[in-house]
Amino acid sequence: MKINWFTVIAQVINFLVLVWLLKRFLYKPILKATDEREKSIVSKLKDASAKKEEAKKERDEFQKKNSTFEQEKKQMMEKAANETKEQSEQMINETRKAVAAMKEKQEKNFRQMEENLKKELAERTSHEVLNISRQVLADLASAELEAQMVKHFIEQLQGMDEAGKQAFLQAYKNISGPLLIRSVFELKPEQQEAIKNAVGQLLNENGEFRFETDEKLAGGIELSADGYKLSWNIASYLDSLQEKISEVLQEQSAEKTEKVEADSPEEKAEPKQIEYGSEGPE
Amino acid sequence: MKLSPDDTIFWSNGFININLTIVTTWGLMLVMVIGAWLITRKLQTGIKISRWQTILEMIVLSISSQVKEVGMDKPRRYIPFIGTLFLFIGIANLCIIFPGYEPPTGSLSTTTALAISVFLAVPFFGIEEGGLRGYLKTYLEPTWLMLPFNLIGEFTRTLALAVRLFGNIMSGGMIVAILLSIAPFIFPVLMDVLGLLTGIVQAYIFSVLATVYIAGAVQARKSKQKT
């Protein structure tokens, strides 16, 4: 058991060489590799955490935006719903008003038509009555009746009041031709003479006369001079009757129009003019 | 019966002689360096690495953590020395599974050489860390009266380091040789298994003790600096 000193020295050198070689080929590269890996892992972790942070931030932002968007959406939806409701209510109201107006207008028109119809009916009736009366009287006209008429006409001339006389005189002055006396039948000479006398008395002079026949008179005698007209005939009675009927009808329709206008004041802008075909005396 | 591989001499010329210890050491060095080079020439720094690289990294990092556990705060500076001690002794001892192999650690010359290396490394690292004066002062700690004892301690522990490793490995080889002559089957195998264990344990003990000695030299200076 001895120590070989050459071997010891050789082993020391061997060992130191081995230390250097292993340092060169083992420890340095391995430690370098682990260091690099560690660095890369650390950087990757850092990166990952940064990315995570960023992702979280983005997520938060997204959530925030999302909630804001939801809120805005809700608000807008509510607003739209309210507006729609208001609009629909307004439209319904307008439609109701329009319907009511149309209804009223229709009713008014209907009433108007009814009135017109009534009026027309009344006028026709009166017209027919008058025509029948005229026809009857014309059929009944005879010499006897004629004589009575002339008699009555003369009585009327004689019984004329002062105002009538003045009007007649005025009219007479204005005419240039003869006084026109019309009758249904041709007057007999003595009848013509009687009339002449009566008028002469009224005028205090003998005027010129022209006698004509007119079948439309429906029995009676008429004296006319420059718009002045003195007559006795059945037609004039009938005419005055027709005039009265017309007056009554006009009054009635005027009342009704006033009533309708009071019921619908908004339609005053365009009131329906009711035209009454009035047939007054000539 | 040869107790030491030193006795197997291949070539001799006066003081110089090439014996089995030196040749085996060269062989081990060759294997270790080539192996390390083969593995580390294509190291990967990514997440995916080769199996061999994983093993080497594990070994190197384990050594690093062991050094750190002893109390060195800069393990990288000592890894080449301590790591090589561990790997050389460990591999030299593990190779006993090959028939006809005689571990160089079974030679007192080798263990002495390693112990001398540690003996020289302690002041080397101590001076490197704290300067010559700082290192020499550690021998006067806690008082100058302790100087002779410190010096004796320095030498004896080196001797103990050398003899411990030599005795353990040599005895292991001896016992296997004796048992082979008594009971050639089974028992030598069991003793070899035991030898593998003691070989690794010895490598560990040797390198940890070396670390402790170096740490003692480095840390004494450091603790003084702190106070």
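Residues numbered from 1 in each chain as written. Chains lettered and ligands numbered in written order. Predicted model: local features only at pLDDT ≥ 70, side-chain atom pairs only at ≥ 80, totals over all residues. Heavy atoms only, no water.

Definition in use: UniProt positions are given in the numbering used here, feature names are shortened, and annotations may be inferred rather than shown by experiment.
Naming follows an unreviewed UniProt entry, where chain B appears as ATP synthase subunit a of Christiangramia fulva. According to UniProt, the comment filed for chain B under the heading Sequence similarities (unreviewed entry) is "Belongs to the ATPase A chain family."

Per an unreviewed UniProt entry, chain A carries the name ATP synthase subunit b and comes from Christiangramia fulva.

## Focus on the overall build of chain A
Filter applied, for reference: Strands here are runs of E lasting at least two residues and helices are runs of H or I lasting at least four, both read from the DSSP assignment and numbered beginning at the N terminus. Burial classes follow relative accessibility: with a 1.4 Å probe on protein chains only, a residue under 20% of its type's maximum area counts as buried, one over 50% as exposed, and anything between as partly exposed. The contact rule is simple, with two residues in contact once any of their heavy atoms fall within 4.5 Å.
The helix and strand inventory of chain A stands at 5 helices and 4 strands. Secondary structure elements in chain A, listed N-terminal to C-terminal, are α-α-α-β-α-β-β-β-α. Within chain A, the proportion of its 282 residues that are buried is 30%. A fraction of 79% describes how many contacts in chain A between residues 6 or more apart in sequence connect residues 24 or more apart.

## Side note on the overall build of chain B
Basically, it comes down to this: Each accessible area is a Shrake-Rupley estimate made with a 1.4 Å probe; only the visible protein chains count as cover when residues are assessed.
Within chain B, the regular secondary structure consists of 6 helices and 2 strands. The 227 residues of chain B split such that 42% are buried. Summed over its atoms, the accessible surface of chain B is roughly 12,200 Å², and 72% of this surface lies on carbon and sulfur atoms.

## Comments concerning the UniProt feature "transmembrane region" (unreviewed entry) in chain B
The sites that UniProt annotates as "transmembrane region" (unreviewed entry) are residues 20-39, 78-101, 107-127, 165-187 and 193-218 of chain B. Note that residues 20-39 of chain B is 100% helix and 0% strand, and that its end C-alpha atoms are spaced 28 Å apart.

## Regarding helix 4 (residues 189-203) of chain A
Residue and element names in this part refer to chain A. The following threshold applies: Helix span is expected to be 1.5 Å times the residue number reduced by one.
The end-to-end C-alpha distance of helix 4 is 20 Å, a good match for the 21 Å that 15 residues give at a rise of 1.5 Å each. Taken together, the buried positions of helix 4 are Q191, Q192, I195, A198, V199, G200, L202 and L203. Positioned one or two residues after helix 4, N204 has a phi angle of 60°, which is positive.

## Focus on the nonpolar core
To keep things clear, this is the line we draw: Among buried residues, those of type Ala, Val, Leu, Ile, Met, Phe, Trp, Tyr and Cys that are joined through side-chain atoms within 4.5 Å constitute a nonpolar core.
Of all hydrophobic cores here, the largest spans 53 residues; its most connected members are L26(A), F81(B), L85(B), V118(B) and I214(B). Elements that contribute at least two residues to this core include exactly helix 1 (5-140) of chain A together with helix 1 (20-40), helix 2 (51-70), helix 3 (75-94), helix 4 (108-137), helix 5 (147-182) and helix 6 (187-226) of chain B. At 10 residues, the largest contribution of residues to this core is made by helix 1 of chain A. Apart from the residues lying within four places of it in its own chain, the contact partners of I214(B) are M72(B), Y78(B), F81(B), I82(B), A121(B), V122(B) and F125(B). I181(A), V199(A), L202(A) and Y228(A) belong to the second-largest nonpolar core, a separate cluster that totals 23 residues.

## Overview of the environment of W11(B)
With respect to the helices, strands and loops of the structure, W11(B) is situated in strand 1 (residues 9-13). Residue W11(B) is classed as partly exposed on the basis of its relative accessible area, which comes to 48%.

## Concerning helix 3 of chain B
For clarity, the cut-off: Bend is the name given here to the angle between axes fitted to two runs of seven residues, the run ending at a residue and the run starting at it.
Within helix 3 of chain B, the axis deviates most sharply at F81(B), by approximately 35°. Along helix 3 of chain B, 15 of the 20 residues are buried, which leaves the element largely enclosed by surrounding structure.

## Brief notes about the packing of aromatic side chains
Our working definition: Centres within 6.5 Å are what make two rings of Phe, Tyr or Trp a pair, Trp counting through its six-membered ring; a difference in plane orientation under 30 degrees is then read as stacked, over 60 as edge-to-face, and the rest as tilted.
The full count for this structure, using the stated rule, is 8 aromatic pairs over all chains. A ring pair is formed by F15(A) and F81(B), whose centres lie 5.6 Å apart and whose planes are at 85°; its orientation type is edge-to-face. Of this pair, F15(A) sits in helix 1 while F81(B) sits in helix 3, placing the two residues on different chains. On the basis of relative accessible area, F15(A) is assigned to the buried category, the value being 3%. We classify F81(B) as buried; its relative accessible area is 8%. Arranged with centres 6.4 Å apart and planes meeting at 25°, the rings of F209(A) and F211(A) form a pair that is stacked. Since its relative accessible area comes to 24%, F211(A) is described here as partly exposed. An aromatic cluster is built from F15(A), Y78(B), F81(B), F124(B) and F125(B), whose rings are joined through pairwise contacts.

## As for the pattern of salt bridges
Quick note on the threshold: For this analysis, a salt bridge means a side-chain nitrogen from Lys or Arg found within 4 Å of a carboxyl oxygen belonging to Asp or Glu.
Using the criterion set out here, one finds 9 salt bridges over all chains in the structure. With its nearest N and O atoms 2.5 Å apart, the salt bridge here joins D35(A) to R76(B). With D35(A) in helix 1 and R76(B) in helix 3, this residue pair bridges two chains. Among the residues examined, D35(A) registers a relative accessible area of 27% and is labelled partly exposed. Among the salt bridges present, the one from R77(B) reaches E129(B), with a minimum N-O distance of 2.6 Å.

## Some details on the interface of chain B and chain A
Let me state the cut-off plainly: Pairs of N or O atoms are called polar contacts if they sit within 3.5 Å, as long as, within protein, a hydrogen donor faces a hydrogen acceptor (for residues adjacent in sequence, only side-chain-to-side-chain pairs).
At the junction of the two partners, chain B supplies 47 residues and chain A supplies 33 residues. Counting across the interface, chain B meets chain A through 11 residue pairs in polar contact (both at pLDDT 80 or more). Listing elements by their share of the side of chain B that touches chain A, those giving two or more residues are strand 2 (16-19), helix 1, helix 2, helix 3, helix 4 and helix 5 of chain B.

## Description of the pairing of strand 1 (residues 179-183) of chain A
Residue and element names in this part refer to chain A. Operational definition: Only strands that DSSP links by at least two bridges are regarded as paired with each other.
In terms of burial, strand 1 is largely enclosed, as 5 of its 5 residues are buried. Residues L179, I181 and S183 line one face of strand 1 and the alternating positions L180 and R182 line the opposite face, and both faces are buried. Two elements, strand 1 and strand 2 (residues 209-213), share 5 bridges in a ladder whose sense is parallel. By the bridge assignment for strand 2, I181 is matched with F211.

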